Amino acid sequence: MMCIQKVLRFFLIAYGISYCSAMHALEMRGCIKAETLTADKMPQFRVLFAGKETMTNTEGFFSMPLEQQIYRYSLLICKNIKQNFVKTNTIRNVSMVPTDDYRYYEFEKTPQSSTWRQQEKRLDLERPIAPEGCVIILLDPAHVSRIEPWRIDLSTQTVKLPAIVLKQEVSTSTLATASAESLLCSLDEKPFHETVKEEVMQLAQNTNVMVSLAR
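All residue numbers here refer to positions counted from 1 along the written sequence of the relevant chain. Under the rules for a predicted model, residues below a pLDDT of 70 receive no local features and side-chain atom pairs below 80 are neither given nor counted, while totals for whole chains, interfaces and linings still include all residues. Side-chain numbers come from the whole structure's heavy atoms, not from hydrogens or water.

## Overview of the pattern of salt bridges
Here comes step 1: Take a side-chain nitrogen of Lys or Arg and a carboxyl oxygen of Asp or Glu: if they are within 4 Å of each other, that pair is a salt bridge. A full pass over the atoms with the stated rule returns 7 salt bridges.
Here comes step 2: Of the charged contacts in the structure, one is a salt bridge between Glu106 and Lys121, with a shortest N-O distance of 2.9 Å. Of this pair, Glu106 sits in strand S8 (residues 102–109) while Lys121 sits in strand S9 (residues 116–121), and the two are 15 residues apart along the sequence.
Here comes step 3: The cut-offs for exposure are 20% and 50% of the maximum accessible area for each residue type, with area from a 1.4 Å probe on protein chains only; residues under the lower value are buried, those over the upper are exposed, and the others partly exposed. A residue is classified by how much of its surface remains accessible, and Glu106, at 27% relative accessible area, is partly exposed.
Here comes step 4: On the accessibility criterion, Lys121 (31% relative accessible area) is partly exposed.
Here comes step 5: When the shortest N-O distance is used, the salt bridge between Glu148 and Arg146 registers 3.1 Å.
Here comes step 6: Judged by relative accessible area, Arg146 falls into the partly exposed class, the value being 33%. Starting at the N terminus, helices and strands are each numbered in turn, a helix being any DSSP run of H or I of at least four residues and a strand any DSSP run of E of at least two.

Right under this line is the structure:
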């Protein structure tokens, strides 16, 4: 049994996933990947969800803690969003400029199954508002080829988002520019989104292996 646990631990670490987090915490995980990218590190992109914000890591992975298990969610890929306020410090919702391009998907878990129904949709033409329970990836959708099932086994406590696959022709320099835009565009949202804190831990058995835990 101990041998199996060790194999599982190192398998999870290889995918940027902490052993303790994967085994116990309620969370959602996703990734952005570029199959033909030659750079050593994937540029970082901002991710927003339920009043929280984080960044993808240098392997393209990201995670968000969940307060409770969810059975439906949506995914919005866009360059930027704007905040709509009820009062000075109270956000009603977030939306996009109607002329901006985006990719939007809705997911619902199949009853008594681990599979998710997926449907690509369009938001309201005049008021493209992100609904509640929406994962927002600040990334130019022009760079996205498709989304596809993320073929990795995770804990049943983890909501596994689809992998976002970038177009083959997108260059490293283009992605670096898109990353800078993603981080700059999210500065206005930071005062109203809690940053997901990460604890970086080092495995005693291997001083070269670092593990990040979302909090």
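This is not the end of the story, as more comes after the structure.
## A word on the confidence of the model for the protein
Atomic detail in the predicted coordinates should be set aside for any region of low pLDDT.
Here comes step 1: As a per-residue quantity, pLDDT reports the predictor's confidence and falls between 0 and 100. Of all residues in the protein, 70% have pLDDT values of 70 or greater, and the mean over the chain is 78.
Here comes step 2: Two residues qualify as a contact provided that any one of their heavy atoms is within 4.5 Å of a heavy atom in the partner residue. Overall, residues 1–23 carries pLDDT values under 50, and its contacts beyond four positions in sequence, including any with other chains, amount to 34 contacts.
Here comes step 3: Below pLDDT 50 for its whole length, residues 198–213 participates in 27 contacts with residues either more than four positions away or in separate chains.

## Focus on the environment of Val170
Here comes step 1: In this fold, Val170 is placed in the loop between strand S12 (158–166) and helix H3 (172–185).
Here comes step 2: Residues Val170 and His143 lie 27 residues apart in sequence; the distance between their C-alpha atoms is 6.5 Å.
Here comes step 3: For Val170, the contacting residues outside a window of four places in its chain are His143 and Leu175.

## Re the nonpolar core
Here comes step 1: Nonpolar core, defined: a set of buried Ala, Val, Leu, Ile, Met, Phe, Trp, Tyr and Cys residues in which side-chain atoms within 4.5 Å join the residues together. The biggest cluster of nonpolar side chains holds 28 residues, and the ones touching the most others in it are Met28, Ile77, Val135, Ile137, Leu139, Ile164 and Leu166.
Here comes step 2: It is S12 that provides the largest number of residues to this core, a total of 4 residues.
Here comes step 3: With sequence-adjacent residues up to four places away left out, Met28 is seen in contact with Phe49, Phe62, Ser63, Met64, Leu66, Ile70, Val135, Val159 and Leu161.
Here comes step 4: Core analysis: the second largest hydrophobic core is formed by 13 residues, Leu76, Val94, Leu123 and Leu138 among them.

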